[in-house]
Amino acid sequence: MTTSNPFFEPSDLPYALPPFARIRNDHFLPAFIRGMADQRDEVAAIGAGAERATFENTVEALERSGAVLDRVRRVFFNKVAADTDDEIQALEVEITPRLAAHDDLLLLDPALFQRLDALYEQRDALGLDEEQLRLLERHHTHRVRAGARLAPQQQRRLRELNAEIAALSTEFGQNLRAATAAAALVLDRAGELAGLPADRIAAAAEQAQALGHPGKFALALKNFSCQTELAVLEDPALRERLLAASLGRGTDSNGPIAVSLARLRAERAALLGYPSHAAWEVADRTAGTTAAVEELFGRLVAPAVANAEREGAALAEAAGVAEIGAADWQYYSERVRKERFDLDAAALRPYLELDTVLHDGVFHAAELVYGITFTRRPDLVSYHPDAPVYEVHDADGSPLGLYIGDFHARESKRGGAWMDSLVAQSRLLGQRPVVVNNLNVAKPPAGEPALLSWSEVNTLFHEFGHALHGLFSDVRYPLLSGTQVPRDFVEFPSQVNEMWADWPEVLAHYARHHVTGEPMPAELPARLREAENFGAGFRMVEHQAAAVLDWAWHTLSADGDVPGEDEAAAFEAAALERYALAMAAIPPRYRTGYFAHIFSGGYAAGYYGYRWAEVLDADTVRWFRENGRTIRESGEIFRRELLGRGGSVDPLAAFRAVVGRDAEIGPLLDRHGLTG
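Below you will find a few notes about this structure. (Residues numbered from 1 in each chain as written. Predicted model: local features only at pLDDT ≥ 70, side-chain atom pairs only at ≥ 80, totals over all residues. Heavy atoms only, no water.)

## Some details on the pattern of salt bridges
Then step 1. Summed over all chains, the structure comprises 45 salt bridges.
Then step 2. Across the pair Glu60 and Arg476 runs a salt bridge whose closest N-O atoms are separated by 3.9 Å. Taken together, the residues Glu60 in helix H2 (residues 55-64) and Arg476 in the loop between helix H16 (454-471) and helix H17 (487-497) connect sequence positions 416 residues apart.
Then step 3. Overall, Glu60 belongs to the buried group, its relative accessible area being 11%.
Then step 4. Note that Lys222 is salt-bridged to Glu229, the shortest N-O span being 2.4 Å.
Then step 5. Taken together, the shared-partner salt bridges connect Arg157, Glu160, Glu164 and Glu267 into one network. (Salt bridge = Lys/Arg side-chain N within 4 Å of Asp/Glu carboxyl O. Helix = DSSP H or I, 4+ residues; strand = E, 2+ residues; numbered from the N terminus. Buried < 20%, exposed > 50% of the residue type's maximum accessible area, 1.4 Å probe, protein only.)

## Regarding the nonpolar core
Then step 1. Ranked by internal contacts, the top residues of the largest apolar core, which has 158 residues, are Leu193, Tyr403, Phe461 and Tyr510.
Then step 2. Not counting the four nearest positions on each side in its chain, Phe461 is found in contact with Val357, Gly361, Val362, Ala365, Ser494, Asn497, Glu498, Trp500, Ala501, Val506 and Tyr510.
Then step 3. With 33 residues, the next largest nonpolar core counts Phe7, Val80, Trp418 and Val434 among its residues. (Core = buried A, V, L, I, M, F, W, Y, C linked by side-chain atoms within 4.5 Å. Contact = heavy atoms within 4.5 Å.)

## Focus on the environment of Arg239
Then step 1. Among the secondary structure elements, Arg239 is positioned in helix H9 (residues 236-248).
Then step 2. When the C-alpha positions of Arg239 and Tyr331 are compared, they lie 9.0 Å apart, and in sequence the two are 92 residues distant.
Then step 3. The contacts of Arg239, once residues within four sequence positions are left out, are Leu230, Leu233, Glu234, Ala327, Asp328, Tyr331 and Tyr332.

## Focus on the sheet that holds strand S4 (residues 389-393)
Hydrogen bonds between backbone groups are what pair the strands of a sheet, and the pairing can be parallel or antiparallel.
Then step 1. Pairing is mixed in the open sheet, where five strands are placed in the order S3-S4-S5-S7-S6. At either margin of the open sheet sits one strand with a lone partner, and together these are strand S3 (373-376) and strand S6 (418-423). Going across the sheet, the axis of each strand differs from the next one's by a mean of 30°, ignoring polarity.
Then step 2. Sheet analysis places S3 next to S4, joined by four bridges and oriented antiparallel. Of the residues in S4, the one forming a bridge with Thr375 is Glu391. (Pairing = 2+ DSSP bridges. Axes fitted to C-alpha atoms, helices over the stretch in contact; angles between N-to-C directions.)

## Quick look at the packing of aromatic side chains
Then step 1. The full count for this structure, using the stated rule, is 38 aromatic pairs.
Then step 2. When the ring of Phe374 is compared with that of Phe464, the centres are 5.7 Å apart and the planes differ by 55°; the resulting orientation is tilted. Pair noted here: Phe374 is in strand S3 and Phe464 is in helix H16, with a separation of 90 residues, a long-range link.
Then step 3. Here Trp500 and Phe624 contribute two aromatic rings whose centre-to-centre distance is 5.4 Å and whose plane-to-plane angle is 90°, an arrangement assigned as edge-to-face. Within this pair, whereas Trp500 is found in the loop between H17 and helix H18 (504-510), its partner Phe624 is found in helix H23 (residues 609-626), the two being separated by 124 residues in sequence.
Then step 4. By relative accessible area, which is 1% here, Trp500 ends up buried.
Then step 5. Cluster of aromatic residues (ring-pair linked, three or more members): Phe489, Phe492, Trp500, Trp503, Trp623, Phe624, Phe638 and Phe655.
Then step 6. Over the face of the ring belonging to Tyr594 we find Arg249, whose NZ or CZ atom lies 4.3 Å from the ring centre.
Then step 7. Against the face of Phe224 rests Arg589, its NZ or CZ located 4.6 Å from the ring centre. (Phe/Tyr/Trp six-rings, centres within 6.5 Å; stacked < 30°, edge-to-face > 60°. Lys NZ or Arg CZ within 6 Å of the ring centre and 35° of its normal.)

## Considering the packing of helix H12 (residues 290-319) against H23
Then step 1. Remark: H12 packs on H23, axes separated minimally by 10 Å, with the N-to-C direction vectors making an angle of 75°. With respect to their mutual orientation, H12 and H23 come out roughly perpendicular. Residues Ala292, Leu296 and Leu300 of H12 pack against Arg611, Trp612 and Val615 of H23.
Then step 2. Here the residues of the contact of H12 with H23 sort into five nonpolar, no polar and one charged. (Parallel < 35°, antiparallel > 145°, perpendicular 65-115°, else oblique. Nonpolar A, V, L, I, M, F, W, Y, C, P; charged D, E, K, R; others polar.)

## Digging into H12
Then step 1. When the terminal C-alpha atoms of H12 are compared, their 41 Å separation across 30 residues agrees well with the 44 Å that a helix rising 1.5 Å per residue should span.
Then step 2. Leu300 marks where H12 bends most, by close to 25°; the proline Pro303 follows one to four residues later.
Then step 3. Of the residues flanking the end of H12, it is Gly320, one or two places downstream, whose phi is positive at about 70°. (Expected span 1.5 Å × (residues − 1). Bend = angle between axes of the 7 residues up to and from the residue.)

Shown next, in the form of structure tokens:
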């Protein structure tokens, strides 16, 4: 461990951007070892302090600890997700359980907890401001929930459980990456891809080349069930093959791991005094109770199924069959949209070129609503050549942070779309935010445009909403920075940002033909909105099916009927039946074997949060449209009262500060064509 390791000292680059040009794989392990050792020493010193505990020498000192570990942790796990290799995956297996043990040490340290507990008991007499009080309460709550009050023998078992869960979660994610790559369909002739746009056929040729099949064509799988190509591929047999490959991946390798994770999480919840993992998770979220989540399911499931059944009947009629199959649903949905709404989804794509959507759509909307601007910084190097860096400035020209956009799929990147934070905003540490957005858009051949589907446009606006949550953070303490809010609230700002994708002034600014520059025909947006309503039943059912599947796995009790290692598929089927969501034509958006959100990510017992947050989102969109203020004035309120506050205030109080009342479910039901 020498001082040449770039993680050992703060970055001297603008905004403390990690020095990616200097970082090598062999820097990670020494930095983790030193970072954990440094923080152990720092926490031990806090706990051993001879002076009476104060906010400054205990809570604030804790916020300052772990600088080296924070730097390496953020860069490493960004690389795990966005640009991995065999060496990084081996390091992940080694590092993850060691990190779990380190985190337990911090959360369960008895001397530190004793000081925090003493401060917590007298918190109202300490003269703390709102953010300081919130920080003390969060540190105390985290430790109580993590088992700080358990007896030593119970804590030993808790540490074992946490290590096992961390190791299995890593194994699940690595298995899924391998299974997804192996399940790609490799085809001999372009003619087999009839119906796929020419640019996507070219991308399939590039994908096959990357997979070691020159001269062939490969359809790589996205992370969800119903692959986007199902909407256009003309060969029904190929559609069946593609869906089967998607639904089957990870079943053998990850089914037993899912069972083990559910069992271990249930045991941990019981040890912590909760009837299930879901009960433990929800207790610290805005939902508050499992009953509240199940009430939401009850409001949404029946009308969503009824809507989907009406859609299915229309599709069966269009296909001339008694019932529509899962592999054909998207294909005939597109046919019905063309007939009913005179809308061809493929006809939209020439107007939706990636760079134009980003600069003239996403960035333009952010300037329109919040006044911020973006400038490309080619002098700053990120972790991959396909991930350019932008400097962000506030409306008054002052520096705000850095934004990195990494939008193309590659073998080294996991599926899906997400936001990461490479540097968390904190006034205490003098840090401005550095955030990353990742998508998985097929990369076209050199010189060709990357044309997006409407769904990919929405995804880009969605993920940028997370980026804004990080960029606008204006808090003192890193624990409360940016997206550090409850899991069932974190999707709310990102879902709100989707509204700008088809806002007339924004859409007109970016939806231009990539060759001619002509604007999208004026009648298309209205037809697009009408066509979007047809398919709302499908989207709601596939999402709710995934949410209840997550819920079923994580409402298991430690002394209940946990399935056997070979019973994951049967458990899944029974769960969907129990919630009346077992529709053969609409598979869950994620099945157990590839449900990375809940088995290798942070969404265990939390996938319901997308719909929970959408209640807030739909109500906020209505507020933006109807509050009588200009967009700019409304944006300032949303930024000041909610986006900028991070986790420094109660999230529902932040919502009320914007809208002026508690959320109502009506706008969500209206959005999806559901009745109350």
